[in-house]
Amino acid sequence: MIEPKILVDSQHHNAECPLWHPQQQCLYWTDIPEGKLFRYYPKTDIYSEIYYGEPVGGLTLQVDGSLLLFKTRGTIERWEEGKITTIVEEIPAEKHTRFNDAIADPMGRVFSGTMATEEDKGRLYRIDTDGSIHVILEELLVPNGMGFSPDLKYFYFTDSDTHTIYRFDYDQETGNITNQQNHIITPQDQGVPDGMTVDAEGYIWSARWDGSSLYRYAADGTEVLRIPFPALKVTSMTFGGSDYSDLYVSTAGGNDRSQEGAGAGAIFHLQVDVKGVPEYTSRIFISS
(Lines give C-alpha, C1' and ligand atoms only; values in the text may rest on other atoms or scores of the structure.)
Protein backbone atom coordinates (compact mmCIF):
# COMPACT_ATOMS: atom_id res chain seq x y z
CA MET A 1 0.00 0.00 0.00
CA ILE A 2 1.27 3.45 -0.92
CA GLU A 3 1.51 5.65 2.15
CA PRO A 4 1.70 9.44 1.87
CA LYS A 5 4.31 10.87 4.23
CA ILE A 6 4.34 14.45 5.46
CA LEU A 7 7.33 16.23 3.96
CA VAL A 8 6.64 19.74 5.27
CA ASP A 9 4.30 19.83 8.25
CA SER A 10 2.92 23.22 7.37
CA GLN A 11 -0.64 24.25 8.14
CA HIS A 12 -1.39 26.09 4.91
CA HIS A 13 -4.88 27.44 4.31
CA ASN A 14 -4.71 26.34 0.67
CA ALA A 15 -1.38 25.02 -0.60
CA GLU A 16 -1.56 24.70 -4.39
CA CYS A 17 0.40 24.50 -7.63
CA PRO A 18 3.48 22.48 -6.55
CA LEU A 19 6.18 22.89 -9.19
CA TRP A 20 9.54 21.12 -9.39
CA HIS A 21 12.54 23.23 -10.45
CA PRO A 22 15.04 20.82 -12.07
CA GLN A 23 17.96 23.27 -12.23
CA GLN A 24 17.66 24.14 -8.55
CA GLN A 25 16.44 20.67 -7.47
CA CYS A 26 13.75 22.19 -5.29
CA LEU A 27 9.98 22.39 -4.95
CA TYR A 28 7.91 25.57 -5.16
CA TRP A 29 4.27 26.04 -4.16
CA THR A 30 1.77 28.74 -3.22
CA ASP A 31 -0.64 29.25 -0.33
CA ILE A 32 -3.22 31.20 -2.31
CA PRO A 33 -5.38 32.96 0.33
CA GLU A 34 -2.31 33.81 2.42
CA GLY A 35 -0.54 35.43 -0.54
CA LYS A 36 2.66 33.44 0.04
CA LEU A 37 5.12 31.38 -1.98
CA PHE A 38 7.37 28.68 -0.53
CA ARG A 39 10.44 26.72 -1.55
CA TYR A 40 11.78 23.40 -0.26
CA TYR A 41 15.13 21.71 -0.92
CA PRO A 42 14.84 17.94 -0.33
CA LYS A 43 18.62 17.46 -0.19
CA THR A 44 19.02 19.79 2.80
CA ASP A 45 15.45 19.61 4.16
CA ILE A 46 15.31 23.42 4.10
CA TYR A 47 11.87 25.03 3.75
CA SER A 48 11.31 28.78 3.53
CA GLU A 49 8.83 31.48 2.59
CA ILE A 50 10.16 33.38 -0.42
CA TYR A 51 7.32 35.76 -1.26
CA TYR A 52 4.51 37.56 0.54
CA GLY A 53 2.03 39.83 -1.21
CA GLU A 54 -0.77 39.60 -3.72
CA PRO A 55 -2.23 36.05 -3.98
CA VAL A 56 -0.61 33.80 -6.58
CA GLY A 57 -3.10 31.41 -8.18
CA GLY A 58 -0.72 29.73 -10.60
CA LEU A 59 2.95 29.59 -11.57
CA THR A 60 5.18 28.27 -14.32
CA LEU A 61 8.91 27.86 -14.67
CA GLN A 62 10.46 30.10 -17.32
CA VAL A 63 13.18 28.65 -19.53
CA ASP A 64 15.71 31.01 -17.89
CA GLY A 65 14.96 29.54 -14.43
CA SER A 66 12.76 32.37 -13.16
CA LEU A 67 9.09 31.92 -12.23
CA LEU A 68 5.99 33.40 -13.81
CA LEU A 69 3.36 34.30 -11.22
CA PHE A 70 -0.31 34.43 -12.20
CA LYS A 71 -2.15 36.67 -9.77
CA THR A 72 -5.31 38.74 -9.25
CA ARG A 73 -6.88 41.07 -11.86
CA GLY A 74 -5.10 39.24 -14.67
CA THR A 75 -1.69 40.36 -13.45
CA ILE A 76 1.30 38.29 -14.58
CA GLU A 77 4.73 38.87 -13.06
CA ARG A 78 8.20 37.41 -13.38
CA TRP A 79 9.90 36.47 -10.10
CA GLU A 80 13.61 35.82 -9.77
CA GLU A 81 15.06 35.57 -6.26
CA GLY A 82 12.85 38.33 -4.92
CA LYS A 83 13.07 40.64 -7.95
CA ILE A 84 9.63 41.09 -9.54
CA THR A 85 9.03 42.36 -13.08
CA THR A 86 5.51 43.00 -14.38
CA ILE A 87 4.72 41.17 -17.62
CA VAL A 88 0.96 41.90 -17.82
CA GLU A 89 -0.30 44.65 -15.53
CA GLU A 90 -3.99 43.78 -15.78
CA ILE A 91 -6.65 42.13 -17.92
CA PRO A 92 -9.65 44.50 -17.62
CA ALA A 93 -12.21 41.66 -17.82
CA GLU A 94 -10.58 39.99 -14.79
CA LYS A 95 -10.35 42.95 -12.38
CA HIS A 96 -12.68 41.24 -9.87
CA THR A 97 -11.12 37.79 -9.89
CA ARG A 98 -7.82 35.92 -10.08
CA PHE A 99 -5.98 33.32 -12.07
CA ASN A 100 -6.28 29.70 -10.94
CA ASP A 101 -3.62 27.20 -11.99
CA ALA A 102 -1.29 27.54 -14.99
CA ILE A 103 0.69 25.29 -17.29
CA ALA A 104 3.27 25.88 -20.01
CA ASP A 105 3.04 24.05 -23.32
CA PRO A 106 5.95 22.62 -25.38
CA MET A 107 6.35 25.88 -27.32
CA GLY A 108 6.56 28.07 -24.21
CA ARG A 109 3.01 29.41 -24.23
CA VAL A 110 0.99 29.34 -21.01
CA PHE A 111 -2.60 28.26 -20.37
CA SER A 112 -4.21 29.72 -17.24
CA GLY A 113 -7.82 30.00 -16.10
CA THR A 114 -9.69 32.65 -14.13
CA MET A 115 -12.29 32.00 -11.45
CA ALA A 116 -15.97 32.75 -12.02
CA THR A 117 -17.51 35.57 -9.94
CA GLU A 118 -21.07 36.70 -9.26
CA GLU A 119 -20.70 39.14 -12.15
CA ASP A 120 -19.00 36.93 -14.72
CA LYS A 121 -18.08 33.38 -15.70
CA GLY A 122 -14.52 32.11 -15.65
CA ARG A 123 -12.29 31.85 -18.70
CA LEU A 124 -9.29 29.91 -19.94
CA TYR A 125 -6.57 32.06 -21.45
CA ARG A 126 -3.56 31.26 -23.59
CA ILE A 127 -0.64 33.65 -23.27
CA ASP A 128 1.68 33.39 -26.25
CA THR A 129 5.43 33.90 -26.12
CA ASP A 130 5.12 37.47 -27.41
CA GLY A 131 2.83 38.30 -24.48
CA SER A 132 -0.37 38.35 -26.54
CA ILE A 133 -3.44 37.12 -24.64
CA HIS A 134 -6.16 34.92 -26.13
CA VAL A 135 -9.45 33.74 -24.63
CA ILE A 136 -9.64 29.99 -25.35
CA LEU A 137 -12.70 28.92 -23.34
CA GLU A 138 -15.51 30.83 -21.65
CA GLU A 139 -18.48 30.05 -19.39
CA LEU A 140 -16.27 28.23 -16.87
CA LEU A 141 -16.77 27.96 -13.11
CA VAL A 142 -13.55 26.92 -11.39
CA PRO A 143 -10.86 26.24 -14.02
CA ASN A 144 -8.24 23.98 -12.53
CA GLY A 145 -5.63 21.27 -13.26
CA MET A 146 -4.27 20.83 -16.79
CA GLY A 147 -1.92 18.48 -18.60
CA PHE A 148 -0.79 17.07 -21.95
CA SER A 149 -0.72 13.48 -23.19
CA PRO A 150 2.86 12.26 -23.79
CA ASP A 151 2.32 12.19 -27.57
CA LEU A 152 0.99 15.79 -27.41
CA LYS A 153 -2.21 14.83 -29.20
CA TYR A 154 -4.40 15.82 -26.26
CA PHE A 155 -4.79 18.62 -23.73
CA TYR A 156 -6.59 17.85 -20.48
CA PHE A 157 -8.42 20.52 -18.51
CA THR A 158 -10.36 20.37 -15.23
CA ASP A 159 -13.43 22.47 -14.41
CA SER A 160 -13.91 21.64 -10.74
CA ASP A 161 -17.52 22.69 -10.23
CA THR A 162 -18.74 20.55 -13.11
CA HIS A 163 -16.76 17.56 -11.72
CA THR A 164 -15.28 17.10 -15.18
CA ILE A 165 -11.84 16.62 -16.70
CA TYR A 166 -12.19 17.50 -20.38
CA ARG A 167 -10.03 16.26 -23.23
CA PHE A 168 -9.24 18.39 -26.26
CA ASP A 169 -7.34 17.78 -29.46
CA TYR A 170 -4.18 19.88 -29.17
CA ASP A 171 -2.24 21.55 -32.00
CA GLN A 172 1.33 22.10 -30.88
CA GLU A 173 2.16 24.51 -33.70
CA THR A 174 -0.70 26.93 -33.06
CA GLY A 175 -1.59 26.20 -29.43
CA ASN A 176 -5.22 25.74 -30.43
CA ILE A 177 -7.45 23.23 -28.62
CA THR A 178 -10.53 21.73 -30.33
CA ASN A 179 -13.03 18.88 -30.11
CA GLN A 180 -13.96 19.17 -26.43
CA GLN A 181 -14.90 15.82 -24.85
CA ASN A 182 -16.05 14.86 -21.35
CA HIS A 183 -13.14 12.57 -20.51
CA ILE A 184 -13.54 11.89 -16.78
CA ILE A 185 -16.66 12.78 -14.77
CA THR A 186 -16.11 12.32 -11.05
CA PRO A 187 -18.93 11.21 -8.72
CA GLN A 188 -20.50 14.00 -6.65
CA ASP A 189 -19.90 12.11 -3.40
CA GLN A 190 -16.14 11.65 -3.95
CA GLY A 191 -15.10 15.28 -3.66
CA VAL A 192 -14.16 17.80 -6.34
CA PRO A 193 -11.40 17.29 -8.95
CA ASP A 194 -8.65 19.85 -8.39
CA GLY A 195 -5.05 19.89 -9.64
CA MET A 196 -3.71 17.27 -12.02
CA THR A 197 -0.65 15.99 -13.82
CA VAL A 198 0.20 13.31 -16.41
CA ASP A 199 2.92 10.74 -15.75
CA ALA A 200 5.46 9.23 -18.14
CA GLU A 201 3.08 6.39 -19.01
CA GLY A 202 0.29 8.78 -20.01
CA TYR A 203 -1.81 8.17 -16.91
CA ILE A 204 -3.72 11.08 -15.39
CA TRP A 205 -3.35 11.97 -11.72
CA SER A 206 -6.15 14.04 -10.17
CA ALA A 207 -6.29 15.52 -6.66
CA ARG A 208 -9.62 15.45 -4.90
CA TRP A 209 -10.74 18.49 -2.86
CA ASP A 210 -13.10 17.34 -0.07
CA GLY A 211 -12.36 13.77 -1.17
CA SER A 212 -9.25 12.97 0.93
CA SER A 213 -7.64 11.16 -2.01
CA LEU A 214 -5.38 11.21 -5.01
CA TYR A 215 -6.60 9.31 -8.10
CA ARG A 216 -4.75 7.80 -11.04
CA TYR A 217 -6.59 7.13 -14.31
CA ALA A 218 -5.57 5.26 -17.44
CA ALA A 219 -5.48 7.31 -20.63
CA ASP A 220 -8.99 6.08 -21.48
CA GLY A 221 -10.33 7.54 -18.20
CA THR A 222 -10.53 4.29 -16.21
CA GLU A 223 -9.66 4.62 -12.52
CA VAL A 224 -6.69 2.37 -11.66
CA LEU A 225 -5.49 3.68 -8.29
CA ARG A 226 -6.85 5.65 -5.32
CA ILE A 227 -4.55 6.83 -2.51
CA PRO A 228 -6.17 8.10 0.72
CA PHE A 229 -4.71 11.05 2.63
CA PRO A 230 -5.08 12.32 6.23
CA ALA A 231 -6.38 15.58 4.77
CA LEU A 232 -9.86 16.24 3.44
CA LYS A 233 -8.72 18.70 0.78
CA VAL A 234 -6.06 17.25 -1.53
CA THR A 235 -5.28 20.05 -3.96
CA SER A 236 -2.54 19.21 -6.46
CA MET A 237 0.61 17.23 -7.23
CA THR A 238 3.79 17.23 -9.28
CA PHE A 239 6.58 14.77 -10.01
CA GLY A 240 10.13 15.76 -9.16
CA GLY A 241 13.49 14.63 -7.88
CA SER A 242 16.58 13.90 -9.95
CA ASP A 243 14.79 11.25 -12.01
CA TYR A 244 11.15 12.37 -11.47
CA SER A 245 10.34 9.36 -9.32
CA ASP A 246 9.20 11.48 -6.36
CA LEU A 247 5.59 12.62 -6.16
CA TYR A 248 4.85 15.78 -4.17
CA VAL A 249 1.28 16.53 -3.11
CA SER A 250 -0.22 19.73 -1.66
CA THR A 251 -3.23 19.97 0.64
CA ALA A 252 -5.46 22.63 2.19
CA GLY A 253 -7.37 23.20 5.43
CA GLY A 254 -4.46 23.62 7.81
CA ASN A 255 -6.29 26.45 9.58
CA ASP A 256 -8.80 23.89 10.96
CA ARG A 257 -7.18 20.47 11.35
CA SER A 258 -9.86 19.30 13.77
CA GLN A 259 -12.31 19.27 10.87
CA GLU A 260 -9.98 18.93 7.88
CA GLY A 261 -7.70 16.12 9.01
CA ALA A 262 -4.45 15.64 10.90
CA GLY A 263 -2.34 16.38 7.80
CA ALA A 264 -4.44 19.22 6.42
CA GLY A 265 -2.35 21.98 4.88
CA ALA A 266 0.84 19.89 4.76
CA ILE A 267 3.03 19.01 1.78
CA PHE A 268 3.29 15.25 1.27
CA HIS A 269 5.79 12.97 -0.46
CA LEU A 270 5.06 9.60 -2.08
CA GLN A 271 6.93 6.86 -3.91
CA VAL A 272 4.53 5.39 -6.46
CA ASP A 273 6.69 3.13 -8.72
CA VAL A 274 6.05 5.31 -11.73
CA LYS A 275 7.93 8.31 -13.03
CA GLY A 276 6.75 11.69 -14.12
CA VAL A 277 8.17 13.97 -16.78
CA PRO A 278 9.53 17.51 -16.51
CA GLU A 279 6.97 20.26 -16.85
CA TYR A 280 7.35 22.35 -19.98
CA THR A 281 8.95 25.75 -19.46
CA SER A 282 7.31 29.00 -20.43
CA ARG A 283 9.02 31.45 -22.80
CA ILE A 284 6.93 34.56 -22.33
CA PHE A 285 9.00 37.43 -23.76
CA ILE A 286 12.10 35.20 -23.99
CA SER A 287 13.52 34.62 -27.44
CA SER A 288 14.49 31.06 -28.37
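Bear in mind the structure is a predicted one, so any value in this text is a computation, not a measurement. (Residues numbered from 1 in each chain as written. Predicted model: local features only at pLDDT ≥ 70, side-chain atom pairs only at ≥ 80, totals over all residues. Heavy atoms only, no water.)

Some points on the overall build of the protein chain
And then number 1: Within the protein chain, the regular secondary structure consists of one helix and 24 strands.
And then number 2: Taking 2.2 N^0.38 as the reference for a compact globule, 288 residues should give roughly 19 Å; the C-alpha atoms of the protein chain span a radius of gyration of 17 Å, in line with that estimate.
And then number 3: If one aligns the C-alpha atoms of the protein chain with their principal axes, the spans along those axes are about 45 × 40 × 40 Å.
And then number 4: For the protein chain, with 288 residues in total, the buried portion stands at 57%.
And then number 5: As presented, the protein chain carries roughly 11900 Å² of accessible surface, and 46% of it is formed by carbon and sulfur atoms. (Helix = DSSP H or I, 4+ residues; strand = E, 2+ residues; numbered from the N terminus. Rg over C-alpha atoms; globule rule 2.2 N^0.38 Å. Buried < 20%, exposed > 50% of the residue type's maximum accessible area, 1.4 Å probe, protein only. Areas by Shrake-Rupley, 256 points an atom, 1.4 Å probe, with all protein chains shown as cover.)

With respect to the UniProt feature "binding site: a divalent metal cation" (unreviewed entry) in the protein chain
And then number 1: The feature "binding site: a divalent metal cation" (unreviewed entry), as given by UniProt, occupies Glu16, Asn144 and Asp194 in the numbering adopted here. A maximum C-alpha distance of 10.6 Å is found for the annotated residues, which run over 179 residues; spatially they form one tight group.
And then number 2: Under the relative-accessibility criterion, Asn144 is labelled buried at 5%.
And then number 3: Residues within four places of Asn144 in sequence aside, it is in contact with Asn100, Asp101, Phe157, Thr158, Ser160, Pro193, Asp194 and Gly195. (UniProt positions renumbered as here; feature names shortened; annotations may be inferred. Contact = heavy atoms within 4.5 Å.)

Quick look at the sheet that holds strand β2 (residues 15–21)
And then number 1: The strand order β2-β3-β4-β5 describes an open sheet built from four strands, whose pairing is antiparallel. Each end of this open sheet is capped by a strand with a single partner; those strands are β2 and β5 (46–52). With strand direction ignored, the average angle separating the axes of adjacent strands in the sheet is 20°.
And then number 2: Pairing of strand β3 (residues 26–31) with strand β4 (residues 36–41), which is carried by five bridges, proceeds in the antiparallel orientation. Its bridge partner being in β4, Asp31 is matched across the sheet by Lys36. (Pairing = 2+ DSSP bridges. Axes fitted to C-alpha atoms, helices over the stretch in contact; angles between N-to-C directions.)

Observations regarding the nonpolar core
Soluble globular proteins tend to bury their nonpolar side chains together.
And then number 1: Counting residues in hydrophobic clusters, the biggest one holds 25 residues, and the most contacted among them are Trp29, Trp205, Leu214, Phe229, Leu247, Val249 and Val272.
And then number 2: Residue assignment for this core shows that the elements contributing at least two residues are β2, β3, β4, β19 (204–209), β22 (233–240), β23 (246–252) and β24 (267–271).
And then number 3: Dropping the residues within four chain positions of it, Leu214 is found in contact with Trp205, Ser206, Ala207, Leu225, Arg226, Ile227, Phe229, Met237, Leu247 and Val249.
And then number 4: If you look at the next biggest cluster of nonpolar residues, it comprises 14 residues, including Ile103, Leu124, Leu137 and Leu152. (Core = buried A, V, L, I, M, F, W, Y, C linked by side-chain atoms within 4.5 Å.)

Considerations on the state of the cysteines
And then number 1: According to the stated counting rule, one finds zero disulfides in the structure shown.
And then number 2: Summary of cysteine pairing: Cys17 is not part of a disulfide, and the nearest cysteine sulfur, belonging to Cys26, is at 16 Å.
And then number 3: Looking at Cys17, the relative accessible area reads 8%, which means it is buried.
And then number 4: Judged by its relative accessible area of 0%, Cys26 falls in the buried class. (Disulfide = S-S within 2.5 Å.)

Quick notes on the UniProt feature "domain: SMP-30/Gluconolactonase/LRE-like region" (unreviewed entry) in the protein chain
And then number 1: Per the UniProt entry, the sites bearing "domain: SMP-30/Gluconolactonase/LRE-like region" (unreviewed entry) are residues 15–252 in this numbering.
And then number 2: Spanning residues 15–252, this segment combines 0% helix with 58% strand, and its end C-alpha atoms are found 5 Å apart.

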